[in-house]
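An overview of the molecular structure
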Amino acid sequence: MRDLAQAGRYLTQSLRLMVGVPDYGTYLAHHQATHPERPAMSYEEFFNERQAARYASRAGKCC
Amino acid sequence: MLNLRRHLPWACVAILGAVSLAIVALSRGEAISALWVVAAALCTYLIAYRYYSLFIATQVLGLDPKRQTPAWKFNDGLDYVPTNKHVLYGHHFAAIAGAGPLVGPVLAAQMGYLPGLLWILAGVVFAGAVQDFIVLFISTRRDGRSLGDLVKQEMGTVPGLIALFGAFMIMIIILAVLALIVVKALADSPWGLFTVAATIPVALFMGVYLRYIRPGRIGEVSVIGFVLLMAAIFGGQWVSESPTLAPIFTLTPTTLVWALVGYGFVAASIPVWLLLAPRDYLSTFLKIGTIIALAIGIVIVAPPLKMPALTQFAAGGGPVWAGSLFPFLFITIACGAVSGFHALISSGTTPKLLENETHARYIGYGGMLAESFVAVMALVAASCIEPGVYFAMNSPAALVGKDAATVAQTISTWGFVVTPEMLTQAAADVGEKTILARAGGAPTLAVGMAEILHQVVGGKAMMAFWYHFAILFEALFILTAVDAGTRAGRFMLQDLLGSFVPSMKRTESWVANLVATGLCVATWGYFLYQGVVDPLGGINTLWPLFGIGNQMLAAVALMLGTVVLFKMKKDRYAWVTMAPAAWLLVCTMTAGWLKIFSADPKLGFLAHADKYAAAIAEGKVLAPAKTLDAMWRVVFNDRLDAALCVLFMAVVISVLVYSVKTIRAARSTGKVTAKETASVRLPAGQRA
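Bear in mind that the values here come from a model prediction, so they are computed numbers and not experimental data.

1. Digging into the packing of helix 17 (residues 387-394) of chain B against helix 20 (residues 420-429) of chain B
Residues and elements named next belong to chain B. Taken N-terminus to C-terminus, the directions of helix 17 and helix 20 make an angle of 75°; their axes are 10 Å apart at the nearest point. With respect to their mutual orientation, helix 17 and helix 20 come out roughly perpendicular. For the pair helix 17 and helix 20, the contacting residues are Gly388, Val389 and Ala392 in the first and Met422, Leu423 and Ala426 in the second. In terms of residue class, the contact of helix 17 with helix 20 is built from five nonpolar, one polar and no charged.

2. Some details on the nonpolar core
Ranked by size, the top nonpolar core spans 249 residues in total, and within it Ala176(B), Leu178(B), Ala179(B) and Val182(B) carry the most contacts. No other element matches helix 22 (residues 463-498) of chain B, which puts 20 residues into this core.

3. Observations regarding the confidence of the model for chain B
Summary statistics for chain B give a mean pLDDT of 92 and a share of 100% for residues scoring 70 or more. Model confidence for the complex: the whole-complex pTM is 0.95, and ipTM, which rates the interface, is 0.93.

4. Here's the deal with the interface of chain B and chain A
Listed as interface residues are 43 residues of chain B and, on the opposing side, 27 residues of chain A. Contributions of two or more residues to the side of chain B that touches chain A are made by helix 4 (85-96), helix 8 (157-186), helix 13 (276-301), helix 15 (341-346) and helix 22 of chain B. A class-by-class count of the residues in the side of chain B that touches chain A yields 26 nonpolar, 15 polar and two charged.

5. Let's talk about helix 25 (residues 575-597) of chain B
Residues and elements named next belong to chain B. With 23 residues, helix 25 extends 32 Å between its outermost C-alpha atoms, agreeing within 8% with the 33 Å of an ideal straight helix rising 1.5 Å per residue. Along helix 25, the residues that are buried comprise Val576, Thr577, Pro580, Ala581, Trp583, Leu584, Cys587, Thr588, Ala591, Gly592, Leu594 and Lys595. Turning to helix 25, the residues buried within the fold contact helix 2 (34-61), helix 6 (113-140), helix 14 (325-332), helix 24 (539-567), helix 26 (605-617) and helix 27 (628-668).

6. Concerning helix 3 (residues 43-54) of chain A
A rise of 1.5 Å per residue sets the reference length of helix 3 of chain A, with its 12 residues, at 16 Å; its end C-alpha atoms lie 16 Å apart and thus fit the reference within 8%. Those residues of helix 3 of chain A not exposed but buried are Phe46(A), Phe47(A), Arg50(A) and Gln51(A). Looking straight down helix 3 of chain A, one finds that the buried residues subtend no more than 130° of arc, so they occupy a single side. Buried residues along helix 3 of chain A sit in contact with helix 2 (24-34) of chain A together with helix 13 of chain B.

7. A closer look at the environment of Lys433(B)
You can see Lys433(B) is positioned in the loop between helix 20 and helix 21 (442-453). In sequence terms Lys433(B) and Val457(B) are 24 residues apart; their C-alpha atoms lie 24 Å from each other.

8. Comments concerning the environment of Ala48(B)
Residues and elements named next belong to chain B. Relative to the assigned elements, Ala48 resides in helix 2. Assessed through the 22 C-beta atoms surrounding it within 10 Å, Ala48 is described here as buried. Taking the C-alpha atoms as reference, Ala48 lies 26 Å from Ile548; in sequence the two are 500 residues apart. The contact partners of Ala48, leaving out residues within four places of it in the chain, are Ser53 and Val125.

What counts, and where the lines are drawn
- Residues numbered from 1 in each chain as written.
- Chains lettered and ligands numbered in written order.
- Predicted model: local features only at pLDDT ≥ 70, side-chain atom pairs only at ≥ 80, totals over all residues.
- Axes fitted to C-alpha atoms, helices over the stretch in contact; angles between N-to-C directions.
- Helix = DSSP H or I, 4+ residues; strand = E, 2+ residues; numbered from the N terminus.
- Parallel < 35°, antiparallel > 145°, perpendicular 65-115°, else oblique.
- Contact = placed C-beta atoms within 7 Å.
- Nonpolar A, V, L, I, M, F, W, Y, C, P; charged D, E, K, R; others polar.
- Core = buried A, V, L, I, M, F, W, Y, C linked by C-beta atoms within 7 Å.
- Buried ≥ 20, exposed ≤ 12 C-beta atoms within 10 Å, placed from the backbone.
- pLDDT = per-residue confidence, 0-100.
- Expected span 1.5 Å × (residues − 1).
- Arc of directions from axis to C-beta.

See the structure below:
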């Protein structure tokens, strides 16, 4: 049952990463561990930042 | 004994694969089930992954599980994040799988299903998956740098710039060819056009919803968008049956070109959150869902392959695209067997997310195997429709005639029995007035998918729905690629022009942005227009150019791999990349040469130009040109295409020269000269 829940979490993470949005929890944990003195982005800020970054690259999409 | 037990299950897989392949290859005269093709493909992938990719991982590259990856080194929770390998696999697959693996195999089916299948399988195992894997490895060991930077770093600045310029030109051709596929699918199809046009307001609504109403709720908005899309398909049926609305949505190919060019310009100029991003969500999820649905459909229905294993067109002279099996099959099926564009993804976002170096095998090699399977499914879908219908859909009108009666008669003389009633019935089944001369892959694939999926869900009554669903799914992600590609092309162009006019570089300047976007759209729009008015159907001209360009980029990536192997002092394993690179060089150089110099006007650009020039000299006008001016344009376009071919060949030859030089230098010293980032050991807690 726990494996199933974990698989579900991975599936959601993968679907979100497919459209360029990495895991927000991982970002928060990372931010907390490395720069606790600075305020972290809210989920909405994080989402907008990632969305803008995805299409600012020069790589383009595949055929 | 232990050894035997370990390899025994794999021996069974190998035997099953061999038997399936034998059945696929040796049956003549009677239709075989598509399941044999699927089994042959899956067994080949399993064996290749278990043995060949393991050999590359351990012997050739020496993947090191204790070595720090860029994701750990630069971990910022945003661009660089150590990511679970299954999660990353999905991301990587979604980034590499596009229209390419769906279109190429459909076009290649004119030679029968066997040549395409064998090339897809051999190509992916020895070339495509190797390329994706090794580029991912090289980039991961160099802080996740991009292909252009890697070539620069390992071979020098000049080859790096040449490779980047080549990538830009290929992108323009890709955009033109993708847009052409959309035009071919939507021209004179009110149902299709309404459905695809409806995605624009749907995406705009989703964009606003995601920005202001419920920020960042991707899942929620995607479900709403999906429901609206399905409604749009039914709306399209209603529109196509309405006597007042149907004519409004019935556009000629040339009108559609202008609409697409205008659309491309606007879409690439407005903020990404408004149109591009939301449609990207829809197209990505729809793509993954449809691929899974098609796989399930093929397994449940097990359709028989009606296309012969080999047709007479394997020797050349096919109606869909000109040229013989060698070298043209190997550039017609690019994505699915080997695709140079993947080198840009494997050196893009993926290496920045790799949790452990050893995962490069699963993601690089394994990811490409999955794309190859998509190509196999496309081949199955194209081969399970009636061959006569396939050729009627894909042959240019100039060759087979304009009405069902003449088309059926011409195609029947080729040995593919088909009646005019069958052609009109096939069109009626999918809710269209005509399906003739719709080369480009998308409509054929849609008919094939409708043929398979209606047997799973909905029966005959749902066939038209499935057809337009398939058209929608392809048009949606092609349009997303056109937007994103135009944007990426704009950035490249601004960099390029910025070296001469510094103010062009400012991406926040509206004037600079609009000028660069306009130039980019005008360039692909030009090739698109040329393709639409092409007497031989456009695909015949543009697809080989795209294939040559894409395979040349793959050759460049594999040459980079070879250079790096020599620099790592892995000389005795260098054949792993050298052999596929050599094969791609032989295929693309031969194909490029023939496209320029062949005396057959159907094949050679210059011969075609000469034919029209000679007619102009005599004052004659050849179809489809109606005036002497139009004749001159045909001649000019042919010469332009020939020049483009020369350019691609020059790019690849110069990279080859630089590779040989670098390899000789590497061999002359006893030291390792690969410029990897210094190895840092991963702390125990970070090992996956």
